[in-house]
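Single-letter residue listing:
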Amino acid sequence: MTFVESDIDAIAGFEGRVAVFVTPDGRMDPLARRVNRLTKGAIARLIEDAPKAGDAHVLAYPNSMAAKAVDVICLDRKCSVAEARAAGATLAKKRGTDALLVCLNNHNKLDQVALGLALRDYRFDSHKSDAETKDSRTVTMMVNDPEGVSAKAEPLLAVAEGVFFTRDLVNEPANVLTTTEFAERLIAMRGVGLEVDVLEEDKLAELGMGALLSVGQGSDSPSKVVVMRWMGGEDDSAPLALVGKGVVFDTGGISLKPAAGMEDMTMDMGGAGVVAGTMRALALRRAKANVVGLVGLVENMPSGSATRPGDVVTSMKGDTIEVINTDAEGRLVLCDVMHYAQETFKPAAMIDLATLTGAVIIGLGHENAGVFSNDDTICDAFLKAANAENEGAWRLPLGKAYADQLKSRIADVKNVGGRPAGSITAAEFLHRFVQEGTPWIHLDIAGVAHVKSDTAHAPKGATGWGVMALNRLVQNRFEVQ
Ligand code: BES
Ligand code: MN
Ligand code: ZN
């Protein structure tokens, strides 16, 4: 995306799509007025019967212009952030494969229009042999003060880049995104200033991560834990810890999943993807906060070396776990990484993200992630941040009765609690591994990480849900002002 000075000749000669803006009371942005004059009043005629905020009219093959079409977007001067982003998203939807020139001389939420456009403009076409070249799909923003607008949009576009990093990871098939490839893409983030360390299997065994290792032991891909650090805050302040489930493919293991829909389990590393994208966004915008991101990367496969239902494994914390169902693997990965995160970093707060249960999709659909917490203050702050970013999040309860569903006959705990309240018993399993005094949030993102139809922010597929909410939470609660 480039920002340029107003230039009516450049508008007239632009081959592609041009966008101009009007307000609900029919007033034209200065550049819309110039396009109106150029087209001998065509914009004025188009908006004769009072446009409504959010409307998009199209002027096809306009006179005296080289453009294929002019999109006339109705946006209030005093619109909300969501409305500004929606206007940007509308432009992304309409432009198809055309180059786009957005003419908006004067608007205080221009940066949000740019963000909405960027987010909805995302494509994952690296495996399409006929993918058009990115060159033809340029976006140019013609504005009053290009440097000023560009500087204001920069932190927002950094967050968008974090979202794209998450989406690319989540969309990637499992034969490409192996645990090794995933770790390599994280190591490459040293280039944006993150400290990145990889813990390999021998180290994980030494640390006693028997639960995590039991999930990956049936796969030829080695299990790994990757630790990313962004220490942009004060030297002595405890970090926020983000922990992500990174199951690069979930077959269910010996408790094999049915064939129908199993291909979707390439997204079972979604929690790790959001942690990675958030760390990238924080680094790109040089956030003044201390944040550590830890991801457990494993593949859940059936084989002669795979964990069996009925096996008992020992977690790093020391709790023994009876594996009733090898398909409830995410919690086995998370419990060890969460324990390690607390032992190593003594975090000020810990947030884990995971595509943990099908049950959360039954409960909340694809609109809201399930939110669980032991601390109202941090939980409310997160819900507020998610709401501000238009990322659905809904709190569900925890409780001893749910935890009791996890009692095992032969071990300290079992990894499933039966059908009732499946998402809550999964959260209660994780709760066991949260240390006294650590404010904690668990986000079950199975329904929101990947969707089958377009959302306000994203084309269908990986959404990057959570990167923007977490980024805002960091900004609101953990950043030095
Ligand atoms: N990765 C799945 C959860 C999931 C389901 C994510 C659908 C995205 C879409 C998880 O590992 C799983 O298999 N959970 C089981 C738990 C059960 C065995 C207690 C489930 O939800 O069925
Ligand atoms: Mn599973
Ligand atoms: Zn899973």
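Residues numbered from 1 in each chain as written. Chains lettered and ligands numbered in written order. Predicted model: local features only at pLDDT ≥ 70, side-chain atom pairs only at ≥ 80, totals over all residues. Heavy atoms only, no water.

**Q** Mind showing me how you'd approach the overall build of the chain here?
**A** Within the chain, the regular secondary structure consists of 16 helices and 19 strands. Taking 2.2 N^0.38 as the reference for a compact globule, 481 residues should give roughly 23 Å; the C-alpha atoms of the chain span a radius of gyration of 24 Å, in line with that estimate. Its C-alpha atoms give the chain principal-axis dimensions of about 80 × 45 × 40 Å. In the chain, which comprises 481 residues, the share counted as buried stands at 57%. Taking contacts inside the chain between residues at least 6 apart in sequence as the whole, the part at least 24 apart equals 77%. Counting every atom, the chain has about 19300 Å² of accessible surface; 49% of that belongs to carbon and sulfur. Each charge class in the chain can be summarised by its mean position, and for the 50 positive and 63 negative side chains these summaries are 5 Å apart. (Helix = DSSP H or I, 4+ residues; strand = E, 2+ residues; numbered from the N terminus. Rg over C-alpha atoms; globule rule 2.2 N^0.38 Å. Buried < 20%, exposed > 50% of the residue type's maximum accessible area, 1.4 Å probe, protein only. Contact = heavy atoms within 4.5 Å. Areas by Shrake-Rupley, 256 points an atom, 1.4 Å probe, with all protein chains shown as cover. Lys, Arg positive; Asp, Glu negative; His and termini not counted. Charge placed at Lys NZ, Arg CZ, Asp CG, Glu CD.)

**Q** How should I be thinking about the coordination of the zinc ion (ligand 3) in this particular structure?
**A** Metal coordination angles in their ideal form are 109.5 degrees for the four-donor tetrahedron and 90 or 180 degrees for the six-donor octahedron. Within the protein, Lys-245 (NZ), Asp-250 (OD), Asp-268 (OD) and Glu-329 (OE) serve as the donor atoms for the zinc ion (ligand 3), at 2.0 to 2.4 Å. Coordination at the zinc ion (ligand 3) comes from six donor atoms whose angles at the metal span 77 to 173°, giving a geometry best classed as octahedral. Counting gaps between the donor residues of the zinc ion (ligand 3) yields the pattern K-x4-D-x17-D-x60-E. (Donors = N, O, S within 2.8 Å, 3.2 Å for Na, K, Ca; no water. Tetrahedral: all angles 85-135°; square planar, octahedral: opposite > 155°, others 65-115°.)

**Q** It is not clear to me how the site of ligand 1 should be interpreted in this structure. Could you clarify?
**A** Near ligand 1, the surroundings consist of 17 residues, among which Lys-257, Asp-268, Asp-327, Glu-329 and Gly-358 are the closest. The side chain of Asp-250 places a nitrogen or oxygen atom 2.9 Å from an oxygen atom of ligand 1. When the free accessible area of ligand 1 is taken as 520 Å², the share hidden by the protein chains comes to 77%. For the shell around ligand 1, a count of residues per class yields six nonpolar, four polar and seven charged. (Near = heavy atom within 4 Å. Polar contact = N/O pair within 3.5 Å; in protein donor to acceptor, adjacent residues only side chain to side chain. Nonpolar A, V, L, I, M, F, W, Y, C, P; charged D, E, K, R; others polar.)

**Q** What am I meant to see in the pairing of strand E17 (residues 440–444) here?
**A** It is a general feature of regular strands that their side chains alternate between the two faces of the sheet. Taking burial as the measure, the five residues of E17 include five buried ones, the bulk of the element. Residues Trp-440, His-442 and Asp-444 line one face of E17 and the alternating positions Ile-441 and Leu-443 line the opposite face, and both faces are buried. In the sheet, strand E13 (residues 349–354) pairs with E17 via five bridges, with the strands oriented parallel. Counted as the bridge partner of Leu-353 is Leu-443 from E17. Where strand E14 (residues 369–373) meets E17, four bridges bridge the pair, whose relative direction is antiparallel. Looking at the pairing, Phe-372 lines up with His-442 of E17. (Pairing = 2+ DSSP bridges.)

**Q** Would you explain unusual backbone geometry in this entry?
**A** Glycine aside, negative phi is the norm for most residues, and most peptide bonds take the trans geometry. Non-glycine residue Lys-346 carries a positive phi angle of around 40°. Given the relative accessible area of 52%, Lys-346 is considered exposed. Despite not being glycine, Ala-421 has its phi angle at roughly 55°, a positive value. Position of Ala-421 among the secondary structure elements: in the loop between strand E16 (413–414) and helix H15 (422–431).

**Q** Can you walk me through the packing of aromatic side chains in this structure?
**A** For any pair of aromatic rings, the description rests on two quantities: the centre-to-centre distance and the angle between the ring planes. Counted by the stated rule, this structure contains three aromatic pairs. Between the aromatic rings of Tyr-122 and Phe-164, the centroid separation amounts to 5.5 Å while the plane-to-plane angle is 25°, which identifies the pairing as stacked. Note that Tyr-122 is positioned in the loop between helix H5 (110–120) and strand E6 (139–143) and Phe-164 in helix H6 (residues 146–171), a separation of 42 residues in sequence. Directly above the aromatic system of Tyr-122 lies the positively charged group of Arg-167, at a separation of 5.1 Å from the ring centroid. Looking at Lys-317, its charged tip hangs above the ring of Phe-433, at a distance of 5.3 Å from the centre. (Phe/Tyr/Trp six-rings, centres within 6.5 Å; stacked < 30°, edge-to-face > 60°. Lys NZ or Arg CZ within 6 Å of the ring centre and 35° of its normal.)

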